[in-house]
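Remarks on the overall topology
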Amino acid sequence: MINLYSDTQTVPTENMRKAIADAEVGDEHSRSDPTTLLLENKVAELLGKEEAVFLPSGTMCNLIGVAINTSPGDVVMLESNGHILRSETGGPAIVSNVLTDPVDGEKGQFTVAQIEQRLDQTSRYRPPTSLICLEQTHNFAGGTVWPLQLWEEVCSFAKSKEMRVHVDGARLLNAVVASGVSAETWASQVDTIWIDFSKGLGAPMGACIAGSAELIDKAWLWKHRLGGAMRQSGLMAAAAIYALDENVERLREDHARAKRLAEALKELGAEVVEPETNIVFFDMTSCGKSNYEVVQELSKKDVQVSEIGNQIRAVTHLDIGDADIESAISAITQVVND
Ligand SMILES: *Cc1c(COP(=O)(O)O)cnc(C)c1O
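Residues numbered from 1 in each chain as written. Predicted model: local features only at pLDDT ≥ 70, side-chain atom pairs only at ≥ 80, totals over all residues. Heavy atoms only, no water.

**Structural notes on the domain arrangement of the chain**
- Once the domains are mapped, the chain shows domain 1 (7-246) and domain 2 (250-337).
- Of note, the centres of domain 1 and domain 2, computed from C-alpha atoms alone, are 28 Å apart.
- Every contact between the two is made by 22 residues of domain 1 and, on the other side, 17 residues of domain 2.
- It is D7, N174 and V177 that lose the most area in domain 1 upon contact with domain 2, and together they represent 28% of the buried surface on that side.
- Where domain 1 packs against domain 2, one counts 1 salt bridge.
- For the pair domain 1 and domain 2, the interface holds 6 residue pairs in polar contact (both at pLDDT 80 or more).
- Considering every element that reaches the side of domain 1 that touches domain 2, the biggest residue donor is helix α8 (residues 172-179), with 4 residues.
- The class makeup of the residues in the side of domain 1 that touches domain 2 is 8 nonpolar, 10 polar and 4 charged. (Domains from an automatic or database assignment. Contact = heavy atoms within 4.5 Å. Buried area = accessible area lost by both parts, 1.4 Å probe. Salt bridge = Lys/Arg side-chain N within 4 Å of Asp/Glu carboxyl O. Polar contact = N/O pair within 3.5 Å; in protein donor to acceptor, adjacent residues only side chain to side chain. Helix = DSSP H or I, 4+ residues; strand = E, 2+ residues; numbered from the N terminus. Nonpolar A, V, L, I, M, F, W, Y, C, P; charged D, E, K, R; others polar.)

**Things to note about the nonpolar core**
- Counting residues in each nonpolar core, the largest one holds 54 residues, and the members touching the most others are L39, V43, I115, L134, L173, F197 and L244.
- For F197, the contacting residues outside a window of four places in its chain are L39, V43, F54, G202, A203, M205, G206, A207, C208, A240 and L244.
- Judged by nonpolar contacts, the second largest core, of 28 residues, contains V280, I320, A331 and I332. (Core = buried A, V, L, I, M, F, W, Y, C linked by side-chain atoms within 4.5 Å. Buried < 20%, exposed > 50% of the residue type's maximum accessible area, 1.4 Å probe, protein only.)

**With respect to the sheet that holds strand β4 (residues 99-103)**
- As summarised here, the arrangement of the 7 strands in space is β2-β8-β7-β6-β5-β3-β4, forming an open sheet in which the pairing is mixed. Strands at the two margins of the open sheet, each flanked by one partner only, are β2 (51-55) and β4. The sheet shows a mean angle of 20 degrees between the axes of neighbouring strands, taken without regard to direction.
- The strands that helix α10 (residues 213-225) touches are β2, β6 (164-169), β7 (192-196) and β8 (207-211); relative to β2, the one it contacts most, it runs at about 20 degrees. (Pairing = 2+ DSSP bridges. Axes fitted to C-alpha atoms, helices over the stretch in contact; angles between N-to-C directions.)

**Examining the packing of aromatic side chains**
- Considering all chains together, one arrives at 4 aromatic pairs under this definition.
- For the ring pair F54 and F197, a centre distance of 6.2 Å and an interplane angle of 55 degrees mean the geometry is tilted. In this pair, F54 is assigned in strand β2 and F197 in the loop between β7 and β8, connecting sequence segments 143 residues apart. With respect to burial, F54 and F197 carry one shared label: buried.
- The interplanar angle of 85 degrees and the centroid separation of 5.2 Å between the aromatic rings of W151 and W186 together place this pair among those described as edge-to-face. (Phe/Tyr/Trp six-rings, centres within 6.5 Å; stacked < 30°, edge-to-face > 60°.)

**Overview of the site of the ligand**
- Every one of the 15 residues lining the ligand counts as a neighbour, but T59, D168, R171, D196 and K199 are closest to it.
- At 2.5 Å, a side-chain N or O of D168 approaches a nitrogen atom of the ligand.
- For the ligand, whose accessible area on its own is 380 Å², the fraction buried by protein is 87%.
- At the level of secondary structure, the elements contributing two or more residues to the shell around the ligand comprise α3 (58-69) and β7. (Near = heavy atom within 4 Å. Areas by Shrake-Rupley, 256 points an atom, 1.4 Å probe, with all protein chains shown as cover.)

**Things to note about the environment of R313**
- Within the secondary structure, R313 sits in strand β13 (residues 311-315).
- With relative accessibility at 7%, the residue R313 sits in the buried group.
- With sequence-adjacent residues up to four places away left out, R313 is seen in contact with L4, Y5, S6, N139, F140, I279, V280, F281, V305, S306 and I308.
- Looking at R313, its side chain comes within polar contact range of the side chain of N139, at 2.9 Å.

**Some remarks on the packing of helix α13 (residues 291-300) against helix α14 (residues 322-337)**
- As a packed pair, α13 and α14 sit with axes 10 Å apart at the nearest point and diverge in direction by 125 degrees. As summarised for this structure, α13 and α14 are arranged oblique, according to the angle between their axes. As α13 packs across α14, the resulting crossing turns out to be right-handed. Only A331, I332 and V335 of α14 make contact with α13, whose side of the interface consists of V294, E297 and L298.
- The class makeup of the residues in the contact of α13 with α14 is 5 nonpolar, no polar and 1 charged. (Parallel < 35°, antiparallel > 145°, perpendicular 65-115°, else oblique. Left-handed = near helix turned anticlockwise from the far one by under 90°.)

**Describing α3**
- Here α3 spans 16 Å end to end across 12 residues, near enough to the 16 Å set by a 1.5 Å rise per residue.
- Most of α3 is tucked away: 11 of the 12 residues are buried.
- What α3 keeps buried is the set G58, M60, C61, N62, L63, I64, G65, V66, A67, I68 and N69.
- N-capping of α3 is provided by S57, with a side-chain oxygen placed 3.5 Å from the backbone N of T59. (Expected span 1.5 Å × (residues − 1).)

The structure is reproduced here in C-alpha cells:
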C-alpha cells in the first residue's frame, strides 16, 4: 500500500517507539510531567515565544487560539479555504461565539489591501474585527508558503489596527525548510502560533501552541475547559521531541518527492498545482478520466490519494520513499492508459 492520502498516515518508527517507551512521565495537570514540560520549553524556544502548551490536536490549538484572542461577537478574518473554516465543524462559532469573515486568497494568501477593504466597511452594524488567522503552509491551496514580505506586511498592518494574529502552523516546519526562514522569524510578529506533531513530523498525536505567558495562561484555562488537559502525556510528548530532533530536516526529502511526482503528472498531461512543499494537487480530467475514477482505480492498485474539491491531493511523508513515488507514478500511468 502506498498511502499518499495525507501526512497524518505515518506510523511511529522503531526509534520513536523507543523514545516513547523510555519517557519519564508524571501528571500533566499539576505540571509535573517532565517530558511534556521539556517539549513545551523546546517549542517555546523554537518559536521565540515566552511559553507553549501541549494539546491533543491541532484542531484544539485553533479552537483555543481563536478563544484567547477574541471576545464573543468579534469578527475573525481568515482565508476562505483555510482549515479553520473548512474542516473544523464551525468550532470558532460554537466555542468562541465569533463571526468568521472569509477572504478569498490566492495560494491561501491575502493582502493588506484586501483586509483594509473589509475594515472600511466598518460601521455601527459591523462588530469589531479583532483577529486575523493565517495558515502556513496552506493545506488546501497545495502546501503553499507565504512570501515573508507579504506575511510581515499583513502582521504589521494587523498590529497597527490593534488586531491579533493567530497562525495555524500545522505544517509551519515544512515552510521553514522550504523557505530557509526560521520558525522564530515567522512567529515574531504574531500573537499565537502552533505546530502539529502528527503531520509530516510523524508522531502519533499532539500539537503545541505558543505565545506570551499571559496568553498561554488563558490557553491553559481553555485546555481544562475543553477536556484537553491530559495526565501522563509525556509518552506522546516524547514522540514529539523525537520528531523535532530527527524529522525536521528530512522534510526536504518529502518536498523533493512531491516535485518528482508533480513532474511525472505533468508529463502525463495532468493539470498540476506546482508543489512548494509536500502536497500535490492535480486534476486528471484532461487525461480522459474523472478524478473520482482515477482515485478509485488507484485505490485498486494500492495507491491511496484523495479527491478534494475538483482536484486530487497526494501528500508525501515519512513513510513514502523514492521507490514508492516511482510505483505510484507507474500506477497512475497505467490508470491513464487503461
Ligand atoms: C491537520 C490540520 C489541522 C488540524 O490538526 P489535527 O492535529 O489533525 O487536529 C489544522 N490545520 C491544518 C492546516 C491542518 O492541515
